[in-house]
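An overview of the molecular structure
In case you want the letters, here they are:
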Amino acid sequence: MSSATETATVTMGKALNLALHDSLRDDPRALIFGEDVGKLGGVFRVTDGLSEEFGAARVFNTPLAEATIAATALGLAIKGFHPVAEMQFDAFSYPSFQQVTSNLAKYHTRTGGACPMSLVIRIPYGGNIGAIEQHSESPETYYVHTAGLKVVTPSNPLDAYALLRAAIADPDPVIFLEPKARYWMRQELALPVAPQSLDHASVARAGTDATVIAYGPTVAVALAAAETAASEGVSLEVVDLRSLSPIDWDTLYASARKTKRVVVVHEAPIFMGLGAEIAARMMHDLFDALVAPVERIGAPTTPYPPSRHEKLFLPDADRILEAVDRTREY
Amino acid sequence: MADVISTSPMRSDASPPHNPIAELLTPEGTLTAEGERLAGVSDETLRELYRLMVVMRRLDQEGLNLQRQGELGLWGPTLGHEAAQVGGALAMRATDWIFPYYRDFGMAIVRGVDPGKLLTIFRGLRHGAWDPHEYRFAPFIIPVGTQVPHAVGYALGCKLDGDDTAVLTCFGEGATSTGDWHEAMNFAGVFKAPVVFLCQNNQWAISVPMSEQVAGRIVDRAAGYGFPGVRVDGADALTVYAVVQMAADHARRGEGPYLIEALSYRLGPHTTSDDPTRYRTEEDGAAWRAHDPIARAEERLRQRGAWDDAFASACQREADERAASMRATLIAATPDHPASVFDLVYANPPQTLLRERDAFVADLAPDAPQEGH
């Protein structure tokens with residue numbers, strides 16, 4: 001409604017709320033639905049106030065059935081709507097897995113391109129909130145391994161706003177992973193935000209001695225590590241993937257060529273995690289440019305631990321700095 | 001459209017769903033004389049049902065022949081489904097949508113999908129062979145029952161848009177064991193979506209008989225989700241046609257979903273990869289062979305004095321011609337360039353995929369088909 005810039009300090013949760021609000025305002029075909037997204041505003045309040053403002057025909061609760069939440073989004077997309085469906089927690093997206101992988105991801109191909117799946121599935125993910133079992137998972141590998149999906153995750157309020165709006169505008173199905181431990185992270189947001197592309201990594205901090213590749217919840221951890229390293233005279237570059245599928249190799253390779261040392265950090269298990277793909281590609285494509293093996297930091301091959309133990313399992317600045325030191329031994 | 005969600009705090013207090021169609025059926029699930037009068041099915045429509053069933057059976061037989069001759073990798077015969085598929089599809093308006101299951105070959109024929117192109121799916125040429133918007137006919141879905149909630153989503157969209165549209169979705173009795181099916185039924189009931197659920201209960205899910213698949217009766221599930229259900233004689237095209245049409249009108253009027261369980265019998269194998277001799281005998285289907293949908297339609301036409309042999313011959317001739325045409329279309333179909341597999345993964349493909357495509361094309365053997373052919 002206004003071209004004037006409005007600046008406010010907002011949490012990531014609020015930034016997401018604003019993105020949903022502005023998409024509903026600007027796109028008459030946008031719809032929001034899921035469990036508890038109506039009057040309650042979602043368990044994390046990301047949809048707070050939206051059903052009141054836009055009405056129950058555009059923002060509505062659904063029965064507790066994730067497969068059909070995803071499948072309903074598919075049917076609505078055929079009808080020309082732009083659904084934004086919410087899965088309440090990471091592990092609760094698993095009942096929708098068949099619909100997402102077998103139908104949503106393949107419908108564009110199956111219909112010869114006649115039925116694009118312009119929809120978003122929002123999933124709060126990651127740990128570090130002291131939750132009970134099934135509320136702290138990092139399911140990204142499941143989704144990035146399925147062609148036809150795009151998978152993105154913001155690490156800060158500004159990206160949360162920009163990426164969610166880009167995801168809603170995109171003609172393909174987007175799995176939008178929200179790092180729930182960062183819902184309360186604050187940042188100054190100046191609206192309107194210039195439209196951003198969905199598939200570009202960003203250099204969150206420039207540096208010269210080693211590259212730390214992170215995404216979602218681990219970007220803040222990497223930035224903290226970089227701050228500590230700087231005080232010790234080591235310059236770390238932090239690259240925020242933002243898009244997990246596709247991966248912006250150009251930005252990653254440019255950073256790796258510059259620093260010659262790479263550490264990848266995520267909450268998900270190391271085994272077959274994003275770090276495995278990044279390390280394998282870099283070994284192949286940058287064999288001559290790197291001076292040390294790519295280091296990976298992530299979870300062991302265990303279920304997510306009880307929350308009293310989670311700090312011992314989550315990546316922290318010390319683990320990142322130790323990994324950087326290992327790359328600097330070469 | 002603020003009434004998408006019921007604001008009633010205690011929906012569970014609702015009385016049992018009113019079931020007007022049930023009153024027009026005999027205990028065997030055929031339309032009563034009164035029902036036939038109310039449905040007002042013309043002789044012309046009855047002849048159309050007959051004609052399309054003759055065509056469907058002939059094309060299905062040709063599909064089986066083509067598989068046996070090595071021209072198709074797989075075929076899922078539809079013998080025994082003629083009445084349910086032709087009756088169900090013909091009952092819907094051209095503006096209505098159908099979300100089929102993988103055996104709905106007859107529905108595709110009714111909707112005008114080119115059967116020769118459809119068969120390219122079973123020849124391994126492509127995963128989908130028609131534009132769903134052109135025919136208001138969604139693609140065949142392989143994972144059992146997962147198309148049912150798609151229909152509910154589309155129907156919800158019709159309601160949100162205020163369209164005068166109803167949606168039909170089909171599935172077998174095996175699908176009613178899946179979670180997606182139950183979820184879809186509940187969503188439809190909660191949203192009062194304009195959708196008709198047509199169960200083609202052919203009594204066999206590959207080798208598992210209905211007795212090992214279904215506890216209670218499928219039709220009774222509907223009441224649990226707050227809408228009516230009827231079980232009909234699925235070998236009687238007139239009954240299926242009339243009942244689906246009434247159910248679709250009920251949905252269009254904003255009165256919510258209907259479940260129709262069309263009881264029939266899968267006279268053939270599950271697919272050409274199946275061997276029914278391992279789990280059932282010829283006698284198992286004998287009663288249903290005597291209850292043939294095409295013979296039933298002929299009988300109804302004769303009862304109305306609307307039968308003539310010249311019409312029947314013309315139907316058979318048309319069926320033979322279309323079978324030959326289907327075969328010719330299929331045999332003439334050529335594979336797309338292998339790199340086309342990359343082209344439809346996304347509407348807005350990422351650079352990484354385009355690079356993979358380039359690498360794939362560069363790696364193709366020199367004798368591979370060239371792009372553009």
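Model, not experiment: these values are computed from the prediction. (Residues numbered from 1 in each chain as written. Chains lettered and ligands numbered in written order. Predicted model: local features only at pLDDT ≥ 70, side-chain atom pairs only at ≥ 80, totals over all residues.)

1. Quick notes on the overall build of chain A
Counting its regular elements, chain A contains twelve helices and 14 strands. The C-alpha atoms of chain A give 20 Å as radius of gyration, which agrees with the globular expectation for 330 residues (20 Å, within 12%). When the backbone C-alpha atoms are referred to their principal axes, chain A occupies close to 60 × 45 × 40 Å. Of all 330 residues assigned to chain A, the portion counted as buried reaches 57%. Long-range pairs, those at least 24 residues apart, make up 80% of the contacts in chain A between residues at least 6 apart in sequence. (Helix = DSSP H or I, 4+ residues; strand = E, 2+ residues; numbered from the N terminus. Rg over C-alpha atoms; globule rule 2.2 N^0.38 Å. Buried ≥ 20, exposed ≤ 12 C-beta atoms within 10 Å, placed from the backbone. Contact = placed C-beta atoms within 7 Å.)

2. Observations concerning unusual backbone geometry
Here Leu191(A) and Pro192(A) are connected by a cis peptide whose omega angle stands at 0 degrees. Take Pro192(A): it is sitting in the loop between β8 (186-191) and β9 (202-205). Looking along the chain, the bond that leaves Ser245(A) and enters Pro246(A) is cis, with omega of 0 degrees. Checked against the element boundaries, Pro246(A) lands in the loop between β12 (243-245) and α9 (249-259). Positive phi outside glycine occurs at Arg136(B), with the angle close to 50 degrees. Tracing the chain through its elements places Arg136(B) in the loop between α6 (132-135) and α7 (148-161). Assessed through the 20 C-beta atoms surrounding it within 10 Å, Arg136(B) is described here as buried.

3. Concerning the interface of chain A and chain B
At the junction of the two partners, chain A supplies 41 residues and chain B supplies 38 residues. It is helix α3 (residues 66-78) of chain A that contributes the most residues to the side of chain A that touches chain B, nine residues altogether. In the side of chain A that touches chain B, the residues fall into 20 nonpolar, 16 polar and five charged. (Nonpolar A, V, L, I, M, F, W, Y, C, P; charged D, E, K, R; others polar.)

4. Digging into the nonpolar core
Of all hydrophobic cores here, the largest spans 207 residues; its most connected members are Val212(A), Ile320(A), Leu49(B), Met53(B), Val196(B), Val244(B) and Ile260(B). Excluding residues that lie within four positions of it along the chain, Val196(B) makes contacts with Ala166(B), Leu168(B), Val244(B), Ala247(B), Ala248(B), Ala251(B), Pro257(B), Tyr258(B) and Ile260(B). (Core = buried A, V, L, I, M, F, W, Y, C linked by C-beta atoms within 7 Å.)

Remember that the coordinates give geometry; whether it matters functionally is a separate question.
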